[in-house]
Amino acid sequence: MGIFGIEVDVTNLINIGLKIGLLILAFIIFIPIGKKIIERTINRAGSNQKISESRVKTLEKLLVNLFSYVMIFVFIVMLFAIFTIPIGPLLAGAGVLGLAIGFGAQGLVSDVVTGFFLLLERQVEVDDYITAGGYDGIVEELGLRTTKIRSFNGTLNFIPNREIIGVANHSRGNMRALVDIGISYDENIDEAISLLEKVCAEFQQDERFKDGPNPIGVQGLGSSDVVLRVVGQTENGEQFGCQRDMLKRIKEAFDEANIEIPFPHQVNIQKD
Amino acid sequence: MGIFGIEVDVTNLINIGLKIGLLILAFIIFIPIGKKIIERTINRAGSNQKISESRVKTLEKLLVNLFSYVMIFVFIVMLFAIFTIPIGPLLAGAGVLGLAIGFGAQGLVSDVVTGFFLLLERQVEVDDYITAGGYDGIVEELGLRTTKIRSFNGTLNFIPNREIIGVANHSRGNMRALVDIGISYDENIDEAISLLEKVCAEFQQDERFKDGPNPIGVQGLGSSDVVLRVVGQTENGEQFGCQRDMLKRIKEAFDEANIEIPFPHQVNIQKD
Amino acid sequence: MGIFGIEVDVTNLINIGLKIGLLILAFIIFIPIGKKIIERTINRAGSNQKISESRVKTLEKLLVNLFSYVMIFVFIVMLFAIFTIPIGPLLAGAGVLGLAIGFGAQGLVSDVVTGFFLLLERQVEVDDYITAGGYDGIVEELGLRTTKIRSFNGTLNFIPNREIIGVANHSRGNMRALVDIGISYDENIDEAISLLEKVCAEFQQDERFKDGPNPIGVQGLGSSDVVLRVVGQTENGEQFGCQRDMLKRIKEAFDEANIEIPFPHQVNIQKD
Amino acid sequence: MGIFGIEVDVTNLINIGLKIGLLILAFIIFIPIGKKIIERTINRAGSNQKISESRVKTLEKLLVNLFSYVMIFVFIVMLFAIFTIPIGPLLAGAGVLGLAIGFGAQGLVSDVVTGFFLLLERQVEVDDYITAGGYDGIVEELGLRTTKIRSFNGTLNFIPNREIIGVANHSRGNMRALVDIGISYDENIDEAISLLEKVCAEFQQDERFKDGPNPIGVQGLGSSDVVLRVVGQTENGEQFGCQRDMLKRIKEAFDEANIEIPFPHQVNIQKD
Amino acid sequence: MGIFGIEVDVTNLINIGLKIGLLILAFIIFIPIGKKIIERTINRAGSNQKISESRVKTLEKLLVNLFSYVMIFVFIVMLFAIFTIPIGPLLAGAGVLGLAIGFGAQGLVSDVVTGFFLLLERQVEVDDYITAGGYDGIVEELGLRTTKIRSFNGTLNFIPNREIIGVANHSRGNMRALVDIGISYDENIDEAISLLEKVCAEFQQDERFKDGPNPIGVQGLGSSDVVLRVVGQTENGEQFGCQRDMLKRIKEAFDEANIEIPFPHQVNIQKD
Amino acid sequence: MGIFGIEVDVTNLINIGLKIGLLILAFIIFIPIGKKIIERTINRAGSNQKISESRVKTLEKLLVNLFSYVMIFVFIVMLFAIFTIPIGPLLAGAGVLGLAIGFGAQGLVSDVVTGFFLLLERQVEVDDYITAGGYDGIVEELGLRTTKIRSFNGTLNFIPNREIIGVANHSRGNMRALVDIGISYDENIDEAISLLEKVCAEFQQDERFKDGPNPIGVQGLGSSDVVLRVVGQTENGEQFGCQRDMLKRIKEAFDEANIEIPFPHQVNIQKD
Amino acid sequence: MGIFGIEVDVTNLINIGLKIGLLILAFIIFIPIGKKIIERTINRAGSNQKISESRVKTLEKLLVNLFSYVMIFVFIVMLFAIFTIPIGPLLAGAGVLGLAIGFGAQGLVSDVVTGFFLLLERQVEVDDYITAGGYDGIVEELGLRTTKIRSFNGTLNFIPNREIIGVANHSRGNMRALVDIGISYDENIDEAISLLEKVCAEFQQDERFKDGPNPIGVQGLGSSDVVLRVVGQTENGEQFGCQRDMLKRIKEAFDEANIEIPFPHQVNIQKD
């Protein structure tokens, strides 16, 4: 079967086909077993060594992910072996093909390098609420190449690690609850602040608050209102709920005390 | 026919022409047959092995796409063979031409590498609703080089895989339905919230909702209204319909209870 | 005539001049003939093989374009031959000049690679309405290096193919017609929707519509109006006409039924 | 005169000075003569061969520009010859200096490559009105390295060709004249459209219009007006004048027919 | 166990496994001891040498961080030694793999180089309030590769040093307190300024102020007010508190003196 | 004095110190003399050869600038000679250091290449009013590496030539004076235009105007006014003055003729 | 102590430790002495040679900075010598490590090259008020690698020199003071201008003004006011103070002459 000078050897083809089949079979059997073993080992080690649950989860998902990549690498190496293509010289060569592949693979290396440091420096753990690479949400999995973030609207975002340039981790330590409230230019500022102090005193009992809240003074003179600011430190994850509760309570307290939260004002001059 | 020192051999030209004709004919006959075989094999395997339908579709389209590229590659190799141009040294060389081609082809390699991981990590499947590379819509085909996304306005977008830097997949798990509703500063917040709770109770029966909806409190104090937020989890794909139904129902409930959804307010001061 | 050590041979100069003249003449005669042949061959093949007209146009323009580039390439090679400058070593060398040329030509290679895939993957055909590289309009010609797009305002845009990163093709399949209409907060939503359904029923007879149109509910609560949305699928290219007709018909229906489409509202509070 | 080991040969210096003087003189005499010859040849050829005037202008300016660059190149080569610095090895070398120059000159090569294709593909001719590289205006000169565009405010813009990524050429074919006109929500749409048709009928006689103008329907429902659109095709360059005339005529026709073009509307609700 | 030509030596595998286990154990024991030693040495040296506390903190965290990286490096080198892979040639080679790694690691080198200069030039110390790389907050740790910044809302940001292009350090020297206050167009500017001077005189007693505050005149004529500016220098970190106090005091002083801080003005002309 | 294996030769050090001192002295004496000579030569040549004054200024500043750079280059070469470091191999080598320097110096080469073409193509001369690289103002000096632009607010901007991508030169030819003036929807357009023609007739006598000004018609229908446009060509540099004079004169003419220039309009609908 | 094949020589370790200690000690003693010497030499030279004070400051800070970098360089070279690692081959090599370092260090070289030209071309001196690299303020120190700018709000900004692409130096020559003032459409423009001329005449006596100020005419017709512009040249640094004084004086003059500075106007049309 020599067409255009290319000779094809049929028995050789069948031989190769069989080998590939065997290889695929071996991997289909081996991979799930490998993953199970990793998961069990990690979980047992985690419960023995008193490592935090989220760290265990991070490690488990990472190792399974790492295992998959190693398996794919082994698979490709074996495939090359079946076709008796030597991999070494291919990787060492520097021709046009090498150049193209080198540049193409560059992103892959960056992914792995960044992923490695994300893990090593414990910048992110599974279940952290982070903002990175333009996405924000809860980390679902930290892989060598890709990080999965679940947005609050339910979307699952896949981000190549190299895109994670800076990480803003919102799950490390107490968070700030901040409320800006505008009062009328006609109100007495001192009265409003002392009322805010009373409301804050109630919240200081709330154990979600680690520090404050306290009114810190006049933040600005708006076009229609004098803006007062209240700031406190809450437990991680409770900041939004606390802010909502403070907004409601302050609004009600101002209503009771007849302190006006003003609408936009405009002075009209009539001309004929 | 020697012009300017370039000798042209006519019989050789005819010979080459015939060979090219034969090659094209062979490919025109072979390619559709190959595609049919792939489609049937995948479909049969899919129905036997109980793989999800969208996975089968993804694989089928991918394999047909992969098959096309392999055929083009084989075609080009054979064409070079007809002209007796050796490909190996061409690819290994590193002259000016090689440099230009290496850089030009770099994008192609990036496309294939990214496409490979999109598939391997199951970031995207056919029929998923995703946002990627500045486009959003339903995935119609996942190719090695290009991904086709159908926008909701009917446009078909072709995106080179390398442009797909992060993928936001909106078809993985429950989605959030969120309604922000403004009430007048004069209304009683507690009454409004208890009314919202009644409305939410109705929707909690709705089986499209997996969690909630529930009013979570005062989201903010707007310039003319107190903003209340209602949040729930719905089945994937039902979030927009649910939001629309909630908007309608809440509006009607507020009308019945005479709770005002306020227009923008302004305080006018007359001056002469 | 030896100035500063550079010897100029007059007879040689005349000889070269004559050769260049002959070369230009040959090309001036040959090129239009070649183009005519290509156009005729394609057109005949197209009408015989029942290929769609726009595909025939695409191929015809592409082959003429390709022919021009091959001719220029041949011309340059012959010019170098006349001056007896060897091209091979020039392209294989890797000095400063080679580096500069390699980088400069890199864009050219990217253009051709991208153009090749635009055609191969049938992303674009002549007469398609597309958005690509920041321009949008009707494709007039698809070349190896440049794509010509005619904007709706009559401008002809030339885009190097490498700038066409993603293609949004608006000529593939049915398009969505979408109308958002605001009604007053005082109107009954159900009445308005049933009126929209009546209007939609009329349009469902219209054969430009492939699916719908149908009112899908309350899209949002605006600052002054309740926004209702109507969505339908139309034949490709008819979406804008359909939207215009729907806008007119819905406006008239609302007028007849005395449903108000509200102007912006504002609540004024007088203060002295 | 040996300072710090550097020996300076005075007679050699004088010799070199003289040679440079001669060289400059030769160029000062030769360049204007060369330019004149080019201009005359092109003009004569243009009037004989019936080539369009703007093409002749483009070619004339280009060839003069090309001639200047060739002269500069020759000048530099001769200068190097005077100092007996060999150019070949300098360009073939790949040391630090070569690297720096290679990168620095890369922009120059890109300019020439892009300029070559701008001309070859006839994307731009002198006197075309184009938008390119962030500038827009009338092309004054197309050079190998730089394109000169005269803005409408009189500014002369110099753009390196490599910055001309996509070209929007507004001087190729008919242009669209488009007028959007808002009518009051209280007006009868059909009456307004039939009035627009009457006005359009007048303009259809105007020979500047190649197609239309015609009213195409309700473009949108604005916050205070119903927007009607009129579209037509005019001769190239007449689109702005036509639009101005249509605006004036439509405004006057609406005034005569007492159809109101509304000011922004607002509904005011008085509250105490 | 020779599969596909790859021979696996079991005893060798066990041997390697044991060595890796020993290596990990050695590091688990050694690293915490090393860190403790560093911390104690630095703290003792700091208290002896009278180095500022924040400098001691910076150095302590940096050295611990540096120690970790050195340990990881040693660990990797030893791991390679166990597998008897020579590292030298690997790093000196320049094949495809080398290229990919070289580019991938480039970011790492930039991180370390930038980090080194951040420390050397004392641009940043632990506990400084800085803005860098798009984040702002208090520096928690300065590492060779990463800087940790705690935002005021509690978020902990990890920034690779190479992203820190310019540093704005807000903890070096006195800070400006600036208040812009608008008065009515009808007020006497001189009176308002003399009142501001009285208020400023009170604050000049305040020891938080290092210079001023003083009113510096009419900053602008706004659409509804004449804007006066007051500027002063405060101790580092006190600028926001001072501004808040000044805002409150000036507002109260203006109220007492019946100087109006105007709302937006508009002239209305009634037309029928 | 051998410390850590580095032997330092004192007499050699003194010798080198003396040589450096002599070198600096030679340059301090020679440079001002060289600059004076250049300035005089250029000025004399300029007045003899009737070259435009701004061209003379450009050349003078450029040559002085070029002279400085040549001197610095010579200085560095001599310094290397004193330390007996061979420059040739250093520049030809391609090690790590060379790479770093090559990339670092790349910007310098780009500056010089761009500067060379800015001058050669006479894109900019001293005293031209240009916009380039994000700055605009009057050119004060054109150097090989840097261009100095004096902004109208007095700031002196230094721009590396490579940043000058496109140049908008506002000092080449006549400039446009353009006035857009809004009239009330109730005014007669023809009357307003004939009044504008009368005003324009006055300005056409003004010799600052090279063409026009003339009213060209209705530019648009604004939300509250009909916009008329007047356009003319003025001498370079006079466009802003002319526009100011036209604005004043048109405003006064409209006042005399009782043509209203309308304020923003709004239709108010009262609702209870 | 041979672990995993790595032999560690204890006496050698102690020897190296001692040498490092000695080295550090030598530098700790030598560096402050060196800096003192530089500062004194510069200051003495500055007062002898009548160099401007800011130039002296610039040079002093630069030389100290340069001295630090040279010391660090010497320190690193000696450290390598202690470990007997040859630096030459390391820098000349071109393996993976070299590549990574070369790219990483590229920024450093750019910093030094840019810094060198900033100084050489005297673009910036200590105490100049500049805008560069997105920061603006007073220059505190010009280093080879970094420039320190003190913002007006007290922040100290560290900018790597390579980020300083263009420099806007606000401390070179007179600055413009510009006041735009709006008058009512009902006012007589000539009267207002003559009043402005009177006010300007007062300021022309002020020696802070180098030229003007003068009213230059009608700058524009705003939506509610006719805008007049006054422009003058002031001493460097006085422009903001002058503008503030002019604003105050013009406002008072207009009040006295009863010329109205109008609020935003709106025409209201009542509709039922």
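Residues numbered from 1 in each chain as written. Chains lettered and ligands numbered in written order. Predicted model: local features only at pLDDT ≥ 70, side-chain atom pairs only at ≥ 80, totals over all residues. Heavy atoms only, no water.

Rules: UniProt positions are given in the numbering used here, feature names are shortened, and annotations may be inferred rather than shown by experiment.
For chain A, an unreviewed UniProt entry supplies the name Small conductance mechanosensitive channel and the organism Virgibacillus salinus. Turning to chain A, the UniProt annotation filed under Sequence similarities (unreviewed entry) states: "Belongs to the MscS (TC 1.A.23) family."

## Some words on helix α6 (residues 239–256) of chain A
For an α-helix the count is 3.6 residues per turn, leaving residues at separations of three or four pointing the same way. Residue and element names in this part refer to chain A. This is how it is decided: Numbering of helices and strands runs from the N terminus; a helix is a DSSP stretch of H or I covering at least four residues, while a strand is a stretch of E covering at least two. Helix span, as expected, comes to 1.5 Å for every residue beyond the first. The cut-offs for exposure are 20% and 50% of the maximum accessible area for each residue type, with area from a 1.4 Å probe on protein chains only; residues under the lower value are buried, those over the upper are exposed, and the others partly exposed.
Taking 1.5 Å of rise per residue, 18 residues should cover 26 Å, and α6 covers 26 Å from first to last C-alpha, within 8% of that figure. Burial in α6 covers these residues: Gln239, Gly241, Cys242, Arg244, Met246, Leu247, Ile250, Lys251, Glu252, Ala253 and Phe254. Once α6 ends, the next one or two residues include asparagine 258, with phi positive near 55°.

## Some details on helix α2 (residues 53–82) of chain D
All names here are of chain D. Here α2 is 30 residues long and its end C-alpha atoms lie 43 Å apart, about the 44 Å a rise of 1.5 Å per residue gives. The complete set of buried residues in α2 reads Arg55, Val56, Thr58, Glu60, Leu62, Val64, Asn65, Phe67, Tyr69, Met71, Met78 and Ile82. Phi for threonine 84, located one or two positions after α2, is positive at around 50°.

## Structural notes on the environment of Leu108(B)
We count it as follows: Residue contacts are defined here by distance: any two heavy atoms, one from each residue, within 4.5 Å place the two residues in contact.
Tracing the backbone through its elements, the reader meets Leu108(B) in helix α4 (residues 96–120). For Leu108(B) and Arg145(B), which are 37 residues apart along the polypeptide, the C-alpha to C-alpha distance reads 7.2 Å. The contact partners of Leu108(B), leaving out residues within four places of it in the chain, are Arg145(B) and Phe117(C).

## Here we look at the packing of helix α5 (residues 189–205) of chain D against helix α6 (residues 239–256) of chain D
For any two helices packed against each other, the geometry comes down to the angle between their axes and how far apart the axes lie. All names here are of chain D. Worth spelling out the cut-off: Think of each axis as a best-fit line through the C-alpha atoms, taken over the contacting stretch in the case of a helix, with angles from 0 to 180 degrees between the N-to-C directions. Angle categories: roughly parallel below 35 degrees, roughly antiparallel above 145, roughly perpendicular from 65 to 115, and oblique for all the rest. Each crossing gets its hand from how the near helix is turned against the far one by less than a right angle, where anticlockwise is left-handed and clockwise is right-handed. Under the scheme applied here, ten amino acids are nonpolar (Ala, Val, Leu, Ile, Met, Phe, Trp, Tyr, Cys and Pro), four are charged (Asp, Glu, Lys and Arg), and all others, including Gly, are polar.
The geometry of α5 relative to α6 is characterised by a closest axis approach of 10 Å and an angle of 135° between their N-to-C directions. As far as their axial angle goes, α6 and α5 are oblique. Where α5 crosses over α6, the two elements pack in a sense that is right-handed. Only Asp245, Met246, Arg249, Ile250, Ala253 and Phe254 of α6 make contact with α5, whose side of the interface consists of Ala192, Leu195, Leu196, Val199, Glu202 and Phe203. Residues of the contact of α5 with α6, tallied by class, amount to 9 nonpolar, no polar and 3 charged.

## Section: the domain arrangement of chain A
For clarity, the threshold we go by: Domain borders in the structure are assigned automatically or taken from a domain database.
With domains assigned, chain A is organised as domain 1 (8–85), domain 2 (108–169) and domain 3 (175–256). Between the C-alpha centres of domain 1 of chain A and domain 3 of chain A the distance comes to 56 Å.

## So, the side chain of Thr234(B)
Residue position: Thr234(B) is located in strand β8 (residues 226–234). With relative accessibility at 0%, the residue Thr234(B) sits in the buried group.

## What about the side chain of Thr155(E)?
Using the following cut-off: For this analysis, a polar contact is any N or O atom pair within 3.5 Å, provided that within protein one partner can donate a hydrogen and the other can accept it, and provided that sequence-adjacent residues contribute only side-chain to side-chain pairs.
Summarising the element assignment, Thr155(E) is placed in the loop between β3 (146–150) and β4 (156–160). A residue is classified by how much of its surface remains accessible, and Thr155(E), at 2% relative accessible area, is buried. Reaching out from Thr155(E), the side chain makes a polar contact with the side chain of Asn153(E) at a distance of 3.0 Å. Here Thr155(E) is in contact with Ala168(A), Asn169(A), His170(A), Met175(A), Ile149(E) and Arg150(E), once residues within four sequence places are set aside.

## A few points about the sheet that holds strand β6 (residues 175–183) of chain B
Condition: We treat two strands as partners when DSSP finds at least two bridges between them.
A sheet is described by the order of its strands in space; here 3 strands give the open sequence β6-β8-β7 (chain B), paired in antiparallel fashion. The sheet terminates laterally at β6 and β7 (209–221) of chain B, the two strands that pair on one side only. Geometrically, the sheet is characterised by an average inter-axis angle of 20° between neighbouring strands, direction not taken into account. Direction of pairing for β6(B) relative to β8(B): antiparallel, over a ladder of 9 bridges. Note that in β8(B) the partner of Val179(B) across the bridge is Val230(B). Relative to β7(B), α6(A) is tilted by about 50°, and along the sheet it contacts β7 and β8 of chain B. Those strands touched by helix α6 (residues 239–256) of chain B are β6, β7 and β8 of chain B, and its axis lies near 25° from that of β6(B).

## Comments concerning the UniProt feature "domain: Mechanosensitive ion channel MscS C-terminal" (unreviewed entry) in chain A
Taking the numbering used here, the UniProt-annotated feature "domain: Mechanosensitive ion channel MscS C-terminal" (unreviewed entry) corresponds to residues 179–261 of chain A. Between the end C-alpha atoms of residues 179–261 of chain A the distance is 14 Å, and the span holds 42% helix and 33% strand.

## As for the nonpolar core
Rules: To define a nonpolar core, start from buried Ala, Val, Leu, Ile, Met, Phe, Trp, Tyr and Cys residues and group those joined through side-chain atoms within 4.5 Å.
Counting residues in each nonpolar core, the largest one holds 203 residues, and the members touching the most others are Leu228(A), Leu228(B), Leu228(C), Leu228(D), Leu228(E), Leu228(F) and Leu228(G). Apart from the residues lying within four places of it in its own chain, the contact partners of Leu228(B) are Val179(B), Asp180(B), Ile181(B), Ile183(B), Ile189(B), Ala192(B), Ile193(B), Leu196(B), Gly217(B), Val218(B) and Gln219(B).

## What to know about a nonpolar patch on the surface
Note the following rule: In this scheme, patches are assembled from residues that exceed 30% relative accessible area and form no salt bridge. Like charges are connected within 9 Å, while nonpolar side chains (Val, Leu, Ile, Met, Phe, Trp, Tyr) are connected within 5 Å. A 1.4 Å probe and the Shrake-Rupley method give the accessible areas. Residues count as covered only by the protein chains that appear here. Think of a salt bridge as a Lys or Arg side-chain nitrogen and an Asp or Glu carboxyl oxygen that are within 4 Å of each other.
A surface patch of nonpolar side chains, amounting to about 390 Å² of accessible area, comprises Leu25(A), Ile29(A), Ile33(A) and Ile37(A). For Ile37(A), the location among the structural elements is in helix α1 (residues 10–49).

## Overview of the packing of aromatic side chains
In plain terms, the rule: Classification of ring pairs rests on two measures: the distance between centres of Phe, Tyr or Trp rings, Trp counted by its six-membered ring, which must be within 6.5 Å, and the angle between planes, read as stacked under 30 degrees, edge-to-face over 60 and tilted in between.
Taken as a whole and judged by the stated rule, the model has 45 aromatic pairs over all chains. Seen from their ring centres, Phe27(C) and Phe75(C) are 5.2 Å apart, and the 80° between their planes marks the pair as edge-to-face. Taken as a pair, Phe27(C) in helix α1 (residues 10–49) and Phe75(C) in helix α2 (residues 53–82) lie far apart in primary sequence, 48 residues in all. Owing to a relative accessible area of 11%, Phe27(C) belongs among the buried residues under this scheme. The interplanar angle of 75° and the centroid separation of 5.1 Å between the aromatic rings of Tyr129(C) and Phe152(C) together place this pair among those described as edge-to-face. Here Tyr129(C) is found in strand β1 (residues 129–132), whereas its partner Phe152(C) is found in the loop between β3 (146–150) and β4 (156–160), with 23 residues between them in sequence. A relative accessible area of 41% places Phe152(C) in the partly exposed class. One aromatic cluster is present, built from ring pairs that chain together Tyr69(B), Phe116(C) and Phe117(C).

## Re the UniProt feature "domain: Mechanosensitive ion channel MscS" (unreviewed entry) in chain A
The UniProt record marks residues 108–172 of chain A with the feature "domain: Mechanosensitive ion channel MscS" (unreviewed entry), using the residue numbering of this structure. Between the C-alpha atoms that bound residues 108–172 of chain A there is a distance of 29 Å. The span itself is 20% helix and 38% strand.

## Thoughts on the pattern of salt bridges
Residues and elements named next belong to chain C. One pass over the structure, following the stated rule, counts 112 salt bridges over all chains. Between glutamate 140 and arginine 150 there is a salt bridge, with its nearest N and O atoms 3.1 Å apart. With glutamate 140 in strand β2 (residues 135–142) and arginine 150 in strand β3, this residue pair connects regions lying 10 residues apart in the sequence. Of the charged contacts, one joins glutamate 235 and lysine 210 as a salt bridge, the two residues approaching to 3.6 Å between their closest N and O atoms.

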